[in-house]
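The primary structure of each chain is shown beneath.
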Amino acid sequence: MNGGSENWKHCTKRKKNNQEDSRMENALLELKGKLKMLYASYGSYLLVLFKFLLAFLVFEEINRLLPYVEGLDQIFVVLLASLICSIMPWNLMVFLGMGLIVGQCYGIGIEIAGFALALIVIMVILYLRFTPQDALVLLLTPVAFSFGVPCLIPIGYGLTRTPSSAISAGFGVILYYFMELVSDNASVLTGADKEEKIQNLQFLSDGLMKNQEMMVTIIAFVTVLVIVYVVRRLEVEYAWHIAVFGGGIAYMIIMAAGGIFLEATIPVVPLVAGTMVSVFVGEILEFFFFHVDYKRTERLQFEDDEYYYYVKAVPKIKDMKKTSGRKPEEVPMDSATIRNRERE
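Draft legend 1. Layout of the pattern of salt bridges. Inspection of every chain in the model, using the stated rule, returns one salt bridge. Salt-bridge contacts for E61 lead to R64; the nearest nitrogen and oxygen are separated by 3.2 Å. Taken together, the positions of E61 and R64, both in helix α1 (residues 2–65) and three residues apart, correspond to about one turn of that helix. For R64, a relative accessible area of 49% corresponds to the partly exposed category.

Here it is as structure tokens:
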């Protein structure tokens, strides 16, 4: 009797937990639906607001790292530049951000500004050649470092873009470490004479080329972004979840191992905390971009005069009240339609 009573209590408790999880998921799905409706109605205005806030954040972070020209870090200048970026193409934000970096470096010395300009020109030429659509990541990477969540960049871009984004992400890492190098040594670099200016250029070059922590971070960014991209495209259940958690674990392992073998200083607590936050944000991206119900997966078969087609159909999760017990419809498809979907 006691054993039966315990089993009944256990089943009742599990049923209550399942009901609570179901209510929570349904509430999140309703929130997702409302957000989609809001974006459908006011998408253009929300995009302008988002670009304004993002530009303001980027410019403020650059001024925080490089506060050497008083006129450039005035709130009126930052607000005006952010307003212009909100109604213009994304690349304008990138070029204004780059110009702000060069301008702030000029406050230390003309040779520092020249070095920054040369570095940025090389990056712009290469990213315009390989990944022009990922220009924004050049500025988002330094911002992610400033907030202590650098892992968010390779995880986020691995989920939503292609491995070519690793090029721009790597440039973003270099840009951040350059600004950090200038910020940490501003007192030494300021007020140099002609001979000292040449030494400053050599110092900046060595500071980047011999920065082992930066090299480890670039390797981690590229590796994690490729891992997340490859895993989330696998035809396995919960691929996006595996990609997010696998990317977070890979990032911590690479950074820790790089710190040990290259004798680079890698702070452990910020590394773990930042990675956990990045994984959490990655799960949010999964919820909005690829939220499916693997429990209701079906395997369908089609045929035409030349081929048999075996299709794995995984339904998207919508409102639980509307989709409970519903199965995906089998819609006849010709071979051309299926080939086009496979290409997509």
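Structure shown, so let's carry the discussion forward.
Draft legend 2. Just the environment of L65, in detail. The topology assignment puts L65 in helix α1. Sequence-wise, L65 and M179 are 114 residues apart; in three dimensions their C-alpha atoms are separated by 6.7 Å. If we skip the residues at most four places from it in the chain, L65 touches S146, Y176, M179 and S183.

Draft legend 3. Up close: the nonpolar core. If you look at the biggest cluster of nonpolar residues, it comprises 75 residues, and the most contacted ones within it are F59, I101, C105, I153, F178, L204 and Y251. For this core, the element with the highest residue contribution is helix α7 (residues 165–184), accounting for twelve residues. When sequence neighbours within four positions are dropped, the list of residues in contact with Y251 reads P150, C151, A220, F221, V224, L271 and T275.

Draft legend 4. Representation of helix α5 (residues 137–146) within the structure. Among the ten residues in α5, nine count as buried, and that is most of the element. Residue G148 follows α5 closely and has a positive phi angle near 80°.

Draft legend 5. Quick look at empty space enclosed by the protein. This model, assessed by the stated rule, comprises one cavity of 30 Å³ or more. Of the voids in this model, the largest cavity is the one considered here, and its volume is about 50 Å³. Residue assignment for the lining of the largest cavity shows that the elements contributing at least two residues are α1 and α5. Here the lining of the largest cavity is built from residues that sort into seven nonpolar, one polar and one charged.

Draft legend 6. Inspection of the environment of L175 at higher detail. You can see L175 is positioned in helix α7. Residue L175 is classed as buried on the basis of its relative accessible area, which comes to 0%. Those residues in contact with L175 that lie beyond four places of it in its chain are M98, I101, I120, M123, L138, L139 and P142.

Calculation notes
- Residues numbered from 1 in each chain as written.
- Predicted model: local features only at pLDDT ≥ 70, side-chain atom pairs only at ≥ 80, totals over all residues.
- Heavy atoms only, no water.
- Salt bridge = Lys/Arg side-chain N within 4 Å of Asp/Glu carboxyl O.
- Helix = DSSP H or I, 4+ residues; strand = E, 2+ residues; numbered from the N terminus.
- Buried < 20%, exposed > 50% of the residue type's maximum accessible area, 1.4 Å probe, protein only.
- Contact = heavy atoms within 4.5 Å.
- Core = buried A, V, L, I, M, F, W, Y, C linked by side-chain atoms within 4.5 Å.
- 1 Å grid on protein atoms, 1.4 Å probe; cavity = no way out; pocket = protein on both sides within 12 Å on 5 of 7 lines; lining within 4 Å.
- Points joined across faces, edges and corners; volume = space filled by probe spheres on them.
- Nonpolar A, V, L, I, M, F, W, Y, C, P; charged D, E, K, R; others polar.

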